[in-house]
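Below, each chain spelled out in residue letters.
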Amino acid sequence: MEEQHKDTPPRIRREKKVVAAMIAMHCRDHHGGAGTLCADCAALHEYAMARLDRCVYGAEKPACKKCPVHCYKPALREKIREVMRYAGPRMVREHPLMALQHLLDSRKEPPERKR
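What you see is a predicted model, and the numbers here were worked out from it, not measured in a lab.

(A) Looking closely at the overall build of the protein chain. The number of helices and strands found in the protein chain is 4 helices and 0 strands. Scanning the protein chain from its N terminus toward the C terminus, one meets helices and strands in the order α-α-α-α. With respect to the three principal axes, the spread of C-alpha positions in the protein chain is 40 × 30 × 25 Å. For the protein chain, the proportion of its 115 residues judged to be buried stands at 34%. Long-range pairs, those at least 24 residues apart, make up 71% of the contacts in the protein chain between residues at least 6 apart in sequence.

(B) Representation of the side chain of H26 in the model. Mapped onto the elements of the fold, H26 is located in helix α1 (residues 10-31). The class of H26 is buried, set by a relative accessible area of 3%. Not counting chain neighbours up to four residues away, the residues in contact with H26 comprise H31, E82, V83 and Y86.

(C) View of the pattern of salt bridges. Tallying each qualifying case throughout the model produces 10 salt bridges. Between R28 and D29 there is a salt bridge, with its nearest N and O atoms 2.7 Å apart. Between E78 and R81 there is a salt bridge whose closest N-O contact spans 4.0 Å. Of the two residues, E78 and R81 both sit in helix α3 (residues 74-94), 3 residues apart, roughly one turn of that helix.

(D) Main features of the packing of α3 against helix α4 (residues 96-106). For the pair α3 and α4, interaxial distance at closest approach is 6 Å and the crossing angle is 125 degrees. Considering the angle they form, α3 stands oblique to α4. For the crossing formed where α3 meets α4, the hand is left-handed. Contacts between α3 and α4 involve M91, V92, R93 and E94 from the former and P96, M98 and A99 from the latter. When the residues that make up the contact of α3 with α4 are grouped by side-chain class, the tally is 5 nonpolar, no polar and 2 charged.

(E) Inspection of the packing of aromatic side chains at higher detail. The tally for this structure, following the rule as stated, stands at 1 aromatic pair. With a centroid separation of 5.3 Å and 70 degrees between ring planes, the pair formed by Y47 and Y72 is classed as edge-to-face. In this pair, Y47 sits in helix α2 (residues 39-53) while Y72 sits in the loop between α2 and α3, placing the two residues 25 residues apart along the sequence.

(F) Quick peek at the nonpolar core. In terms of nonpolar packing, the biggest core is built from 25 residues, with V19, M22, I23, L44, Y72, I80 and M91 touching the most fellow members. Breaking this core down by element, the ones donating at least two residues are α1, α2 and α3. Looking at this core element by element, the count peaks at 8 residues for α1. Sequence-distant contacts of M91, defined by excluding residues within four places in its chain, comprise V18, A21, M22, M25, P96, M98 and A99.

(G) Representation of α3 within the structure. The end-to-end C-alpha distance of α3 is 29 Å, a good match for the 30 Å that 21 residues give at a rise of 1.5 Å each. G88 marks the point of greatest bend in α3, at about 40 degrees, and the proline P89 comes within the next four residues. Residues of α3 that are buried: L76, I80, V83, Y86, A87 and M91.

What counts, and at which threshold
Residues numbered from 1 in each chain as written. Predicted model: local features only at pLDDT ≥ 70, side-chain atom pairs only at ≥ 80, totals over all residues. Heavy atoms only, no water. Helix = DSSP H or I, 4+ residues; strand = E, 2+ residues; numbered from the N terminus. Buried < 20%, exposed > 50% of the residue type's maximum accessible area, 1.4 Å probe, protein only. Contact = heavy atoms within 4.5 Å. Salt bridge = Lys/Arg side-chain N within 4 Å of Asp/Glu carboxyl O. Axes fitted to C-alpha atoms, helices over the stretch in contact; angles between N-to-C directions. Parallel < 35°, antiparallel > 145°, perpendicular 65-115°, else oblique. Left-handed = near helix turned anticlockwise from the far one by under 90°. Nonpolar A, V, L, I, M, F, W, Y, C, P; charged D, E, K, R; others polar. Phe/Tyr/Trp six-rings, centres within 6.5 Å; stacked < 30°, edge-to-face > 60°. Core = buried A, V, L, I, M, F, W, Y, C linked by side-chain atoms within 4.5 Å. Expected span 1.5 Å × (residues − 1). Bend = angle between axes of the 7 residues up to and from the residue.

Set out below in C-alpha cells:
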C-alpha cells in the first residue's frame, strides 16, 4: 500500500483506502491474488492512487460516480468501473464501516470545479 502523507486531505486518504480495498477484493476473487496484487491490478492501483493525488477537487472530492471530471484514461476507466461494479456490493460484507462512509460521501453533490 502507498504511504499516506500528512498533507493529503482526509477525504482523499479515505478514498484511497476504499479504492485499494476494492482492487484487492477484485484481484483476489478474479486473479487469485491472495494477499498480493497481480501485475495488472498493481498497475491499476498505482494509477488510481496517482489520479487521487491529482484530483482537481482535493478535500472536496465527490464520489467517482458523481464526479463530472473524467480523470482516468478510457481503458483504465473501464477497468476501474469493472472493479467497482464487482467490489462495491461486497464492500458492505467485507468492509462495512468503509462502505458506510463511502455511501455517505456519495450522497454529497460535487462542488463547482475550481478554475
